[in-house]
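Structural overview
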Amino acid sequence: MQRLRGLKQLGVSQTTYVCTTHTRFEHSLGVACLAEELLRGIQEKQPKLDITEKDVICVKIAGLLHDIGHGPYSHVYDGVFRKQLEKAMENGTWLGQDFDATMYFGLPDVMAGWAHEDASLMMVDALLKYLGLEIDEKNLDKPLKQIGDGIDARCFGIQNQNDRDDDDNGENSDQIVLSCDEMSNFSRRDLPPLALDEVDILTSRDWIFIKECIVGGPLPPKGISIEKSKKSQRMASVIGRRDRFKEFLYHVVANGHSGLDVDKMDYLLRDGRRALGESGKGSMTMIMKNSYVAWGKCGNPSKCWECSRAGQDIKISTDKRDGYHLMIVYPDKEGRMIDNVMEFFANRFQKHQTIYTHSTTNAACYQICDILLLADPYLRISGVNPEDGKTPLQLPISRAMISADSYLLLNDSILDIIAFSQEPKLQPARDLLSRFHARDLYKMVAQQHIASYDGKEIDYDWQKELWDMNESQIGNEIIKCSKLGQTDRNSLTEVDVIVEKRSIHHGMKDQNPVNNVRFLSKNLLSKLRKNPDELPEAEPYPESEYTAKMPRSFLQRTVRVYCRNPDGSVQDHLETCYYQLITQLQKRFGGAKRQQPEQEVDDLPVELSQSPFKYDSDDDIDDSSRSGDDRDPKRRKGNDDTLFQRVARGSKLDF
């Protein structure tokens, strides 16, 4: 957990927003706090749900530990870095340096589809091992298995608050009451039996439940990633809380039904405050205060682990109500709650657009990835083979997640280790790191918004052809354009070009996420204090009731081109070649728009203008490192009859 103090929450966003230096540690504390607050509120409003103290603590611990599997610079390590690593291994070189994939021979393999959530599960087990404990799958309802001289498993739990309160009032004054710290001073055979009664022990089942809450569902089989497990035809069943009346507990930290959970609540508020200076909780407060539990129909049964477990060996408390689950719902208060929920998802989209995928931030991410890849063949981190727990391993950065011991040593300080190293083979990495520290960052030179009337079908054939190409294919086409009629001195290489296909959405890709949230009408609110099997059924909010407030599209696609080369002339040449490719596609497929439903011009959102070079306010290119004519803003924004405006109109251009 303390390792998270060395992991920035937003990776390299401080290159764009200087105040975003907060860490994963702060975020994890916030998620734990919100998880407890949410459940305490439901516990008070709906006492017949039988939410126990142990349930609350387990979900709170899940919130605290949900991000302990993140690597250096957060999503950089399990995102762009892993994609670039595959390219380096395939090509055998990276930025002109040899990248010998044979260095991985003999090392344990990384499971397919690995992500930071998989590492979180591994680190939870490592945490217990550090305490001398281990989950015992054969004795789920007993104390954890004792594997070392750490905390005694029989006193690793929750202090019985009721008994302690009675003792404070003078009752049971002759009873021995010891804290867990005091208990650990006794040998296990000397622990007073009366003291053990004071502790509600966290069993193996409880710790599996904690891990399941991190995942938001059943744990994957050993050696299989969460992503790959979710794609399997037959999903596993949960173990932690098998009672159907406890299903909603799995939706607090990671809500698989709607995506509206305390994890997102915390980081949207925290990141907005640090990056944009936003204040107040706004819709989040209303969502927290008006959270209830009721029956709701599943919005996606084919991908729902709860629906797929029907017929398996699980405990069913009542009629299964096929397709319905106990989930977190919200009251329909004259449309006010629907506004708060819509604001939540719109806030998510806005943060991804302006903060998380800002062009300067993403350029810095690619630069960090290149530094790590240049260092990967030569930098080693000590670890232990997870298969036997004994054999020492020397792991590269890209495989540090294989061993909890090595992963514990890996955080954002890896760049300092590279900078201070005297290893000659790390010189290319140090040179690129010097550029990063001098803020000589990669540059975004062009971008193309992909027009889509509803976020599903692409409006223009030439844009569909562009989007259907993968990033490498687009890069190769740009390089081909640079070689047509150009001297070798001006030709681009693969090292110069980075292509990014960006998709940002409201939480459910091209779908309306509000459709997966369930609401209760006023006449059903009085039934919320009933037994779980008698709770009312919440319904989706009809889209027809808020059509005027909906965005026309829930998904935005963009193709971006970055240049690694700091030479301004190379950046200009790359920009020209990219728009030459756009012109070729327009000639091949035509610039006509596909047939769309008629719509008044005044109704069209301004931000959906499809000029191929018109940048959003958050995408302004930083030209501070250039000099002379290169700093002229007209070179980017264009003026009358510029090259880029003719491209936007679909005019034919001669190169």
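Here we summarise the structure given alongside this text. Worth saying up front: this structure is predicted, and the values here are computed from it rather than measured.

For the protein chain, the helix and strand inventory stands at 23 helices and 15 strands. Evaluated residue by residue, the protein chain yields a buried proportion of 52% over its 655 residues. By sequence separation, contacts in the protein chain at least 24 residues apart represent 76% of the contacts at least 6 residues apart.

Here we come to unusual backbone geometry. Even without a glycine there, the phi angle at Tyr73 is positive, about 55 degrees. Take Tyr73: it is sitting in the loop between α2 (53-65) and α3 (75-78). Overall, the relative accessible area of 10% leaves Tyr73 in the buried class.

The subject of this paragraph is the side chain of Asp67. If you trace the backbone, Asp67 turns up in the loop between α2 and α3. Within polar-contact distance, the side chain of Asp67 engages the side chain of Arg24 at 2.7 Å. Not counting chain neighbours up to four residues away, the residues in contact with Asp67 comprise Leu4, Arg24, His27, Ser28, His116 and Ser120.

A complete count under the given rule lists 14 aromatic pairs for this structure. Seen in terms of ring centroids, Phe209 and Tyr250 are 5.3 Å apart; in terms of plane orientation they differ by 90 degrees. Their pairing is edge-to-face. On the criterion of sequence distance, the pair formed by Phe209 in helix α9 (residues 204-215) and Tyr250 in the loop between α10 (226-230) and α11 (262-276) is long-range, its members being 41 residues apart. For Phe209, a relative accessible area of 0% puts it in the buried group. Note on Tyr366 and Tyr562: the rings are 5.5 Å apart at their centroids and 50 degrees apart in plane angle, and the pair reads as tilted. You can see Tyr366 sitting in helix α15 (residues 359-375) and its partner Tyr562 sitting in strand β15 (residues 555-563), a full 196 residues away along the chain. Taken individually, Tyr366 and Tyr562 each receive the classification buried, so the pair is uniform in this respect. What links up through ring pairs into an aromatic cluster is the set Tyr77, Phe81, Trp114 and Tyr407. Directly above the aromatic system of Tyr77 lies the positively charged group of Arg82, at a separation of 5.4 Å from the ring centroid.

Analysis parameters
Within every chain, residues take consecutive numbers counted from 1 along the sequence as written. Under the rules for a predicted model, residues below a pLDDT of 70 receive no local features and side-chain atom pairs below 80 are neither given nor counted, while totals for whole chains, interfaces and linings still include all residues. Heavy atoms throughout the structure, all of them, feed into the side-chain values; hydrogens and water do not. Helix numbers and strand numbers start at the N terminus; a helix is a DSSP run of H or I with at least 4 residues, a strand a run of E with at least 2. A 1.4 Å probe rolled over the protein chains alone gives each residue an accessible area, and that area as a share of the maximum for its type sets the label: buried under 20%, exposed over 50%, partly exposed in between. Working rule for contacts: check all heavy atoms of both residues, and any pair within 4.5 Å makes them a contact. Polar contact is defined as a pair of N or O atoms within 3.5 Å, subject to the rule that within protein one atom must be able to donate a hydrogen and the other to accept it, and that residues adjacent in sequence are counted only when both atoms are side-chain atoms. Pairing of aromatic rings covers Phe, Tyr and the six-membered ring of Trp, with a centre-to-centre limit of 6.5 Å; geometry is then stacked below 30 degrees between planes, edge-to-face above 60, and tilted otherwise. To sit over a ring, a charge needs its Lys NZ or Arg CZ within 6 Å of the ring centre and within 35 degrees of the ring normal.

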